[in-house]
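# Descriptive analysis of the structure
One letter stands for each residue in the lines below.
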Amino acid sequence: VQLQAYGGGLVQLGGSLTLSCAASGRTFSSYSMGWFRQAPGKEREFVACIPWSGRNTYDAVKGRFTISRDNGKNTVYLQMNSLKPEDTAVYYCAARGGMCVIEQYEYQYWGQGTQVTVSS
């Protein structure tokens, strides 16, 4: 599975942004898809995950970020609302064959990352 994340950019405090991650391969629908982020000087951290069924998503940023997927388009999304400067990071999408987990080492495939910058 090859992943391509895009949709990052510069947004003002309180703004919204939707990230997308396009996957290649015919087995996209069998993977759980996750989003992680890495802020400057910090370790990469879990943001959200959605299983192949699209049900029972796992969100670390509750109430502001929403993960979704369209298996017909081989794409997973991260809708980010009420953005804060501390959300500034490089956002990565990742895939794993199995249930959603928060440990990044459990994910077999990674996209290249897309930069999100929130200005105050």
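What counts and how
- Just so you know, the residues in each chain are numbered from 1, in the order the chain's sequence is written.
- Given that the model is predicted, a residue must reach a pLDDT of at least 70 before its local features are reported, and side-chain atom pairs must reach 80 or more before they are shown or counted; all residues, however, enter totals for whole chains, interfaces and linings.
- Think of the side-chain values as coming from all heavy atoms in the structure, minus any hydrogens and water.
- Note on conventions: DSSP H or I runs of at least 4 residues are helices, E runs of at least 2 residues are strands, and numbering of each starts at the N terminus.
- Based on C-alpha atoms, the radius of gyration is set beside the globule rule, defined as 2.2 Å times the residue count to the power 0.38.
- Here the term buried applies to any residue with accessible area under 20% of the maximum for its type, exposed to any over 50%, and partly exposed to those in between, with areas from a 1.4 Å probe on protein chains only.
- Contacts are assigned to residue pairs that have any heavy atoms within 4.5 Å of one another.
- Only the protein chains shown count as cover for residues, with accessible areas throughout obtained via the Shrake-Rupley method and a probe of 1.4 Å.
- The positive count covers Lys and Arg only, the negative count covers Asp and Glu only, and His and the chain ends enter neither.
- The atom standing in for a charge is NZ when the residue is Lys, CZ when it is Arg, CG when it is Asp and CD when it is Glu.
- Under the pairing criterion, centres of Phe, Tyr and Trp rings, with the six-membered ring standing for Trp, must be within 6.5 Å; the plane angle then separates stacked pairs below 30 degrees from edge-to-face pairs above 60, leaving the rest tilted.
- Charge-over-ring placement is defined geometrically: NZ (Lys) or CZ (Arg) within 6 Å of the ring centre, and within 35 degrees of the ring normal.
- Cysteine sulfur atoms are paired as a disulfide whenever they come within 2.5 Å of each other.

Let us now look at the overall build of the protein chain. Along its length, the protein chain carries zero helices and 11 strands. At 13 Å, the protein chain has a C-alpha radius of gyration in line with the 14 Å of a compact globule built from 120 residues. Within the span of the protein chain, comprising 120 residues, buried residues form 43% of the whole. Long-range pairs, those at least 24 residues apart, make up 57% of the contacts in the protein chain with a sequence separation of at least 6. Counting only carbon and sulfur atoms, one obtains 48% of the accessible surface of the protein chain, whose full area is about 6,300 Å². In the protein chain, 11 side chains carry a positive charge and 8 a negative one; their mean positions are 6 Å apart.

With that out of the way, let us pick up the packing of aromatic side chains. Taken as a whole and assessed by the stated rule, the structure comprises six aromatic pairs. Plain terms: the ring middles of tyrosine 31 and tyrosine 109 are 5.8 Å apart, the flat faces sit at 85° to each other, and that makes the pair edge-to-face. Residue tyrosine 31 is located in the loop between β3 (17-23) and β4 (32-38), and its partner tyrosine 109 is located in strand β10 (residues 109-110); the two are separated by 78 residues in the primary sequence. Relative accessible area serves as the criterion here: at 31%, tyrosine 109 is assigned to the partly exposed category. One residue, arginine 44, lies across the ring of tyrosine 92, its end atom 4.9 Å from the ring centre. In this arrangement the basic side chain of arginine 44 is found over the ring face of tryptophan 110, its NZ or CZ atom lying 3.9 Å from the centre.

To continue, consider the state of the cysteines. Counting across every chain of the model gives two disulfides. Disulfide partner of cysteine 21: cysteine 93, at an S-S distance of 2.1 Å. Negative torsions about the S-S bond denote left-handed disulfides, and the value of about 60° found for cysteine 21 with cysteine 93 makes this one right-handed. Taken together, the positions of cysteine 21 in strand β3 and cysteine 93 in strand β9 (residues 89-96) put the pair 72 residues apart, joining distant regions of the chain. As far as the burial class goes, cysteine 21 and cysteine 93 line up, both buried. Residue cysteine 49 pairs covalently with cysteine 100 via a disulfide, S to S 2.1 Å. The sign of the -85° torsion about the S-S bond sets the cysteine 49-cysteine 100 disulfide as left-handed. A residue pair is termed long-range when its members are at least 10 positions apart, and cysteine 49 in strand β5 (residues 45-50) and cysteine 100 in the loop between β9 and β10 qualify at 51 residues. With respect to class, cysteine 49 is no different from cysteine 100; both count as buried.

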